[in-house]
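Understanding the architecture of this molecule
One-letter residues, chain by chain:
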Amino acid sequence: MATKLKPTDVVVIGLGAAGGVAVLPLTQAGIDVVGLEAGTWLTRRDFAPDEIRNNVRDWPQSVQKAQQEVPTHRVNAKANTTRAGSHPMMNAVGGTTLHYWAQSWRLNPWDFKVVSDTTRRYGAARVPKGSTVEDWPFGLDELEGYYDKVEYETGVSGQAGNIKGAIDPRGNIFEGPRARPYPMPPLRSTGFIDLMAAAARGLGWHPFAGPASINSRPYQNRSACMYHGFCNKGGCHVDAKNGPHLTTIPRAQETGRLKVVTRAHVTSIDTDDQGRVTGVTYVTDGQEFIQPAKAVLLASYTYENSRLLLLSKSKAFPNGLSNNHGQVGRHYFSHAQGAGVTALFPFNINAWYGLPAQGVAVDNFADDNYDHGGLDYIGGGNLWVMSDRRPISAASMGTFGRTPAWGKEWKAFIKENADRTNTAYIQKTTLPYEDNFLDLDPTVKDPLGFPVCRITADYKDNERKVAAHTQERMTEWYKAAGAGATQANPLGTMGPTTHAYGGTRMGTNPETNVVNAWGFSHEVPNLGVLGASVMGTSGARNPTLTAQALAWRTAEYLAKNWKSVTS
């Protein structure tokens, strides 16, 4: 029999990047919050700089709840379903910010107005056929203040390129206006990064250091980055990589109004006969608990957000909570992160020391920063070159067709070239389409007997054309820097990823969106949804900072409109 707990004001489901930020404005407003987290507290002692432990054995992610709920995937409704061996996300207080790369980008103005700006410049016919993309219900100017709050509360290093309209060529000249600089200067450069930046300038492009949620100097009594590397799927052993577990969650606890409950596996969001949320049910060590609350903020990441809503059926919501319009799971897309380019240089580039957020970017071919008038696609990609190398991954490099992948010749090739390769990371515009969606798998279940999330999705022609164009530009950049050989890597498909969007999209129309412009359900007024699942476009940048800014905005809205939301 379930144990009914003492009621609280707000339950936040998931204390990762988004939920872990939202608890601070709530508690600072005097609201009592229970934060339910499926993982546990981890510390710097849990993250040794060890490639075998982090990248081969997936420790400590491999033993967590998420690994028992890996979504299945099929490229379309008629294709066979497959399942990846591991989940890209992790459970912990702080969530995937513990092992992410910590690139911390804002979206650009075009990313909020894809439909209207494309129509204005090229005509309505240029929006790809079959895409369900909509403009966001607001522009960058609305979110700018929340980006700023998160950058200063958590700590972001970088070089601004546009402060109140004044362009600074040391930063990204294409970024939207910001009110003030980053709280810290960018991470330091390397000889190879300097070489690539010079080559970009030689091509007439605008290279700049990318933003990172990593301390470039001591910040908030925590260490500066030591540039040891290993934070690609590993935590920081000096706490220089920032996340809510080090920043917003401890500050919320200091108010005395946040209770953190770990190892809490939420199984349903509960409602009354009027269709209002009354709390959540969760399981810990086989024992079931009911946590009543006046409002619930769902922040369990894109796949679990849709899954938990679809599992939370009731008389008022027979097809899943907040799904009477059939929009939960729709407008899903994962970021086109594949289709990178690998280069082989005729000299060592000294990349054994560094981290994936330490690098140089080019945005000339992102978004609508270049004329698409003679092209047959929209959007673009952010070109990113970083300093990051570890022994096992280096030994796994390709040989550019010059030797077999085994034997004496292969060993000699690896010995000579292990420090002579670099693979560019290219994040690209990705759009939602009507036949890409999330639902519940009809056969695969988790250990509690609940269906896992099923992804039905693949990239379309627009994403493939963006990929081909950005690979051409990246190859041009490498060649200008002296690369002797390059190879274009495949795009892949829309399987489980850390860059997943949609499923509970934000918009003003309840017929096509799950949540309103403030992140609250169109159908359940005291249910908010946090994370990239509310985002309708990806831009050419990773989603974390935008998800955090949106989470702060939704939480602040709840605090300022407490009576109207909860009564």
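Shown above is the structure to which this text applies.
Notes on the structure in this doc start here. Everything quoted here is computed from the prediction, not taken from an experiment.

Moving on, we come to the overall build of the protein chain. Helix and strand content of the protein chain: 13 helices and 22 strands. Scaling as 2.2 N^0.38, a compact globule of 567 residues should have a C-alpha radius of gyration of about 24 Å, and the protein chain matches this with 23 Å. The principal-axis extent of the C-alpha atoms belonging to the protein chain is close to 70 × 55 × 50 Å. Carbon and sulfur atoms form 51% of the exposed surface of the protein chain, whose accessible area is close to 21000 Å².

Spatial ordering of the open sheet is given by β8-β15-β16-β17-β14-β20, a layout of 6 strands whose pairing is antiparallel. The sheet is open, and its two edges are formed by β8 (207-209) and β20 (485-488), each paired on a single side. Within this sheet the neighbouring strands show an average axis-to-axis angle of 25 degrees, counted without direction. Helix α6 (residues 191-202) contacts β8, β15 (359-362), β16 (381-386) and β17 (421-428) of the sheet and is inclined by roughly 15 degrees relative to β15.

Moving on, we come to the environment of Q327. Note that Q327 resides in the loop between α8 (302-311) and β13 (333-334). On a C-alpha basis, the gap between Q327 and V515 in space is 9.8 Å, while along the polypeptide they are 188 residues apart. Excluding residues that lie within four positions of it along the chain, Q327 makes contacts with G503, P510, E511, T512, N513 and V514. At a separation of 2.8 Å, a polar atom in the side chain of Q327 contacts the side chain of H331.

Taken together, I52, V56 and I392 make up a surface patch of nonpolar side chains, about 240 Å² in accessible area. Note that I392 resides in helix α9 (residues 391-395). Residue classification places I392 among the partly exposed residues on the basis of a relative accessible area of 35%.

With that out of the way, let us pick up helix α10 (residues 407-417). Of the positions making up α10, those classed as buried are F413, I414 and N417. Burial along α10 is one-sided: seen end-on, the buried residues are contained in an arc of 95 degrees. Among the exposed residues of α10, those oriented more than 90 degrees off its buried face are K408, K411 and K415. In this structure, the buried residues of α10 make contact with β14 (341-344), α9 and β17.

We now examine the environment of E556. Of note, E556 is situated in helix α12 (residues 544-560). A relative accessible area of 15% means that E556 is categorised as buried. Spatially, the C-alpha atoms of E556 and V156 are 21 Å apart, while their sequence positions differ by 400 residues. Excluding anything up to four places from it in sequence, E556 contacts Y146 and K149. A polar contact of 2.7 Å, which involves the side chain of E556, links it to the side chain of Y146.

Here we come to the pairing of β15. Where burial is concerned, the two faces of β15 agree: the one with G359 and A361 and the one with V360 and V362 are both buried. The sheet contact formed by β15 and β16 spans 4 bridges and is antiparallel. Bridge assignment links V360 to a residue of β16, and that residue is V385.

Ordered by their spatial adjacency, 4 strands build an open sheet running β5-β4-β19-β18, and the pairing between neighbours is mixed. Every other strand in the sheet has two partners, leaving β5 (82-83) and β18 (437-445) as the edge strands with one partner each. Sheet topology note: the β18/strand β19 (residues 451-456) ladder contains 5 bridges and is antiparallel. Its bridge partner being in β19, K445 is matched across the sheet by P451. The strands that α8 touches are β18 and β19; relative to β18, the one it contacts most, it runs at about 70 degrees.

Moving on to the packing of aromatic side chains. Applying the stated criterion across every chain yields a total of 18 aromatic pairs. Ring geometry for Y282 against F289: centres 5.3 Å apart, planes inclined by 25 degrees, an arrangement best described as stacked. The buried category is assigned to Y282, whose relative accessible area is 6%. For the ring pair F333 and Y501, a centre distance of 4.9 Å and an interplane angle of 5 degrees mean the geometry is stacked. Highlighted residues: F333 in strand β13 and Y501 in strand β21 (residues 500-501), separated in sequence by 168 residues. The burial state of F333 is the same as that of Y501; both residues are buried. In this arrangement the basic side chain of R178 is found over the ring face of Y182, its NZ or CZ atom lying 4.0 Å from the centre. Positioned above the aromatic ring of Y433 is the side chain of K460, whose terminal nitrogen or guanidinium carbon lies 6.0 Å from the ring centre.

Moving on, we get to helix α4 (residues 114-122). Given 3.6 residues to a turn, an α-helix orients residues that are three or four positions apart in the same direction. Along α4, the residues that are buried comprise V114, D117, T118 and Y122. Down the axis of α4, the smallest arc covering the buried residues is 100 degrees, so these residues share one side. Along its buried surface, α4 packs onto α3 (109-112).

Conventions we followed
Residues numbered from 1 in each chain as written. Predicted model: local features only at pLDDT ≥ 70, side-chain atom pairs only at ≥ 80, totals over all residues. Heavy atoms only, no water. Helix = DSSP H or I, 4+ residues; strand = E, 2+ residues; numbered from the N terminus. Rg over C-alpha atoms; globule rule 2.2 N^0.38 Å. Areas by Shrake-Rupley, 256 points an atom, 1.4 Å probe, with all protein chains shown as cover. Pairing = 2+ DSSP bridges. Axes fitted to C-alpha atoms, helices over the stretch in contact; angles between N-to-C directions. Contact = heavy atoms within 4.5 Å. Polar contact = N/O pair within 3.5 Å; in protein donor to acceptor, adjacent residues only side chain to side chain. Patch = residues over 30% accessible without salt bridge, like charges linked within 9 Å, V, L, I, M, F, W, Y side chains within 5 Å. Salt bridge = Lys/Arg side-chain N within 4 Å of Asp/Glu carboxyl O. Buried < 20%, exposed > 50% of the residue type's maximum accessible area, 1.4 Å probe, protein only. Arc of directions from axis to C-beta. Phe/Tyr/Trp six-rings, centres within 6.5 Å; stacked < 30°, edge-to-face > 60°. Lys NZ or Arg CZ within 6 Å of the ring centre and 35° of its normal.

None of the figures reported here should be taken as evidence of function without further support.
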